[in-house]
Amino acid sequence: MKAVVMAGGFGTRLRPLTEKLPKPMAYVANRPMMEHVVRLLIRAGIPDLDVLLYFYPEKITSYFGDGSPWGARIHYIGAESDYGTAGAVKNAESRIDGTFMVISADIITDIDISRAIAFHRERKAAATIVLTRVPNPLQYGIVITEDDGRIVRFLEKPSWGEVFSDTVNTGIYILEPEVLSLIPPGKSFDFSRDVFPNMLARGDRLLGYIAEGYWKDVGNLDEYLNVHLDILSGKVGIEFEGKQAGSGNVWIGENSRVDFTSELQNVVIGKDCLVGAGVTAENVVLGDGCVVEDGAVLQSSVVWPRTRIHKGARLLENIIGSDCEIRGRAFLAERAVISDHCVIGTEAVVKANVKVWPHKEVEDGAVLSSSLVWGGKWARSLFSAYGIYGLANHEITPEFAAKVGAAFAATFGKKVVLSTSRDTHKTSRMINRAIMTGMLSVGADVHDYGVTPLPVVRYLARSHREERGGVHTRKSPFDSSFVDLKFFDDSGLNLPVSAERSIELLFFREDFVRADTEETGEISFPVGGFDTYVDGFLRAIDVKTVKERGFNIVLDHSHGSSALLFPRILGRLGVETVALNANLDSAKITKTEEEFQKGLSHLMAISRSLSADFGVMIDTGGEKIFLVDEKGDILPDWVALQVLCLLACRRKRSGKVGVPVTASRNLEKIASRFGMDVIRTRTLPRSLMETAALEGVSIVGDDSGGYAFPGFQPAFDGMFAIVRLMEMLSAEGRSLSDILREIPPTAMVKKRIPCAWERKGVFMRMLSDHAKGKPSQYIDGVKIFHDEDWALVYPSQDAAYFHLCVEAEERREAEEIAAHYVDLFLDWEKKL
């Protein structure tokens, strides 16, 4: 006898577990659901299986192969479309020559199907439907039979007023080949809606066999968890891998280790697992390769393979996908579902019934109270403090980008000119084109500059008066999976918050008018943009002074687009350059912290060996620089800021300097030496740019490598910062290390303090209360002075933590002050 196994299910109601997985491949007790069905058929003496595929078929074929490991002979049949249950079986007609069974690959049952087959043959039925009794038949098809098994009525998905029986269709059918003649080819046709009612109307011999045993249609996430609880309590007769251990109904897989101090009850542990000391687990399934660290508590939960649960984490009635990380002391409330490749941060809380889609991260200390879906992070706002960013082609898709482009352009009205530009990565090109499409659709014209450094397009926005703003698309420099969208206005500055809110309003409401056919925008590709930038650049520099010095530098382009034009500028200035990483390589745009530090060390070594005047790394976006002096020593960013400000103040000797509230206390001392004032700003890029646009400001810098010289443009420009540094060093005839010796030595310590989003306001209030009566500032967060030393605590704009910055005379003192504030937060946390 042959079985036709229906394995084409999408598993929509099991999402996010089945986001990229066919439903039959979802794990149940550490095996795909379909494997339980295959084992059931083998036990019943049915090894010949025709498996019907549709959704992600390769996931099934690669796992089961030809079926030989299970003693089965599997043949696969694909489908071009969803033809319904009967229409799909029709595709197997050419391989059927006798009585056959139809069974779903996504059920869990221990029904003895050999008895159903015997019933079918004894009664000489044309079709037998295997039935079972359930407490709540509302979600199933009810079948009413006579005492002899003849079916007299079908009722699909009844209401309670229509429930005349608790006998339901299991989706297991035993059929004679002639039934297939009732199914039209190439059409959507269903057994319970079409074939069986037609047979009933014709008077065909249609019987129902009421089976004993367990049966569950794993139709949604609640049922998925419930079926595991039934399995663990012994209600289902299925096989487990591994060996039974102890008296608590515990099954331990091959090569798995369990600490003797753990307390386990009704637990199935897969292969190659590690369970640490003091772990408590009850009614739990752990997939292969899982690690549960000391003191974790798991109750009524299912964990898929290769997931790590850190110390002190607590899981309560949860489903956790593959390759996840649940970090220390995180808490997952009832029925929360975490999909594959997710990270739940230290002390994070995921509230009841929340679903987290694949590749998401819940930050340390965050409280997640609503589901985090593909695109779900945009539910409240598009813009972060640094523009729009998200997972490339998952959150920031071409559809999303086109809609954002339309919303941005619609804030200006029709017939405006906007610019677009990008880095070299192919995903950036795709998203950039989608943004252009959206702009054109509402009647805006587009200047597309293609691969161009961000400082250049900001400068061109100020130079081309017809442009009202622009968008620069780039692969994130910090995470290779993410894309950043940088928006700016006609001054080249980041958009003000009011403009961002206007875009969000139009985006979410889709309240923008599409242009008529003859009014759609046009794309142009301006030429001479680099020339415009270079001409303005050289007018703002004392070319003669730089040339006369004859600099010899080592320059790391970081594979960014600055390599397209910066060598031209340096050539005009007579700078001898040893260029590193000057080829455009989109695969190397993003750097990990380790790669960044390795690059700096390489720059340091080469600069020292060549006796260069200095070495400098410019980031891939062309905005920020990282310096090495002529001795080959790296200048920390917060120290480099002091060096450039000292040079700028001595050069200008009047006006103002703009720095963030996090910058060193030395800046005031430096500026006052030359009769200049310091403007302290918030840490946001927009705040620094707005300060740079103020009258009388000579230099603005953050403490992470960004510098703006407003005489050229009020935005970070790494290329201009390098040349202005040369100009200032030339004017003084000195080296970087000479200037560095003028900087008073201090120590800076920076830390992060985890804090749930919903408690940030409370902690800010408590911090303000703590600062009362103490010398303090409230520019960005709360800055409290301890004589000359200070501590600044301010909330992260887009993550669940506070930043803590401390400056003191010596590092030991700075660490002590930092520890005080960390302890303060811990005490407040306990009181809440």
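Predicted model only: the values in this text are computed from it and were never measured. (Residues numbered from 1 in each chain as written. Predicted model: local features only at pLDDT ≥ 70, side-chain atom pairs only at ≥ 80, totals over all residues. Heavy atoms only, no water.)

## Structural notes on the environment of C342
The cut-off we apply is this: In this description a helix means any DSSP run of H or I spanning at least four residues, a strand means any run of E spanning at least two, and both kinds are numbered starting from the N terminus. Partly exposed describes any residue whose relative accessible area lies between the buried limit of under 20% and the exposed limit of over 50%, with all areas from a 1.4 Å probe on protein chains only and scaled to the type maximum. Note on definitions: a residue-residue contact is assigned when non-hydrogen atoms from the two residues lie within 4.5 Å.
Relative to the helices and strands, C342 is located in the loop between β27 (337-338) and β28 (343-344). Overall, the relative accessible area of 1% leaves C342 in the buried class. Those residues in contact with C342, other than ones at most four positions away along the chain, are D323, C324, E325, V356, W357, P358, H359 and K360.

## Looking at the sheet that holds β28
Inclusion rule: In this scheme, strands are said to pair when DSSP sees at least two bridges between them.
Taken together, seven strands build an open sheet; the order of strands is β16-β18-β20-β22-β25-β28-β31 and the sheet is parallel. Looking at strand neighbours, the two that pair on one side only are β16 (257-258) and β31 (361-362), the edges of this open sheet.

## Examining the pairing of strand β12 (residues 206-210)
Burial of β12 is extensive: four of the five residues sit out of reach of the surface. Relative to β12, strand β8 (residues 127-133) runs parallel, the two sharing five bridges. From the neighbouring strand, V130 faces β12, where its bridge partner is Y209.

## Some remarks on the nonpolar core
Within soluble globular proteins, side chains that are nonpolar generally end up buried alongside one another. What counts, and what does not: Among buried residues, the Ala, Val, Leu, Ile, Met, Phe, Trp, Tyr and Cys ones that are joined through side-chain atoms within 4.5 Å form a nonpolar core.
L41, I46, L49, M101 and Y224 are the most contacted members of the largest nonpolar core, which has 65 residues in total. Contacts of L41, omitting those with residues within four sequence positions, involve A3, V5, I46, L49, M101, I103 and I113. If you look at the next biggest cluster of nonpolar residues, it comprises 62 residues, including I553, L555, L565 and I743.

## Comments concerning the sheet that holds strand β40 (residues 576-580)
What counts, and what does not: Simply put, an axis is a line fit to the C-alpha atoms, just over the touching stretch for a helix, and the angle between two N-to-C directions goes from 0 to 180 degrees.
Spatial strand order, β40-β39-β41-β42: four strands in an open sheet with mixed pairing. Of all the strands in the sheet, the pair left with one neighbour each is β40 and β42 (625-628). Between one strand axis and the next, the sheet turns by 20° as a mean value, whatever way the strands run. Relative to β40, strand β39 (residues 552-556) runs parallel, the two being bridged by five bridges. Bridged to L555 within β40 is A579. Of the strands in this sheet, β39, β41 (614-618) and β42 touch helix α18 (residues 718-732), which is tilted by about 165° from β41.

## Observations concerning the packing of helix α15 (residues 637-652) against α18
For any two helices packed against each other, the geometry is given by the interaxial angle and the distance between the axes. What counts is decided by this rule: Throughout, the term roughly parallel applies to angles under 35 degrees, roughly antiparallel to angles over 145, roughly perpendicular to angles from 65 to 115, and oblique to all others. Handedness of each helix crossing follows the sense of rotation of the near helix against the far helix: counterclockwise by less than a right angle gives left-handed, clockwise gives right-handed. Amino acids are sorted into nonpolar (Ala, Val, Leu, Ile, Met, Phe, Trp, Tyr, Cys and Pro), charged (Asp, Glu, Lys and Arg) and polar (every other residue, Gly among them).
As a packed pair, α15 and α18 sit with axes 10 Å apart at the nearest point and diverge in direction by 60°. Here α15 is positioned oblique relative to α18, judged by the angle of their axes. Between α15 and α18 the crossing geometry is left-handed. Across the interface between the two elements, L644, L647, A648, R650 and R651 from α15 touch R724, L725, E727, M728, L729 and E732 from α18. A class-by-class count of the residues in the contact of α15 with α18 yields six nonpolar, no polar and five charged.

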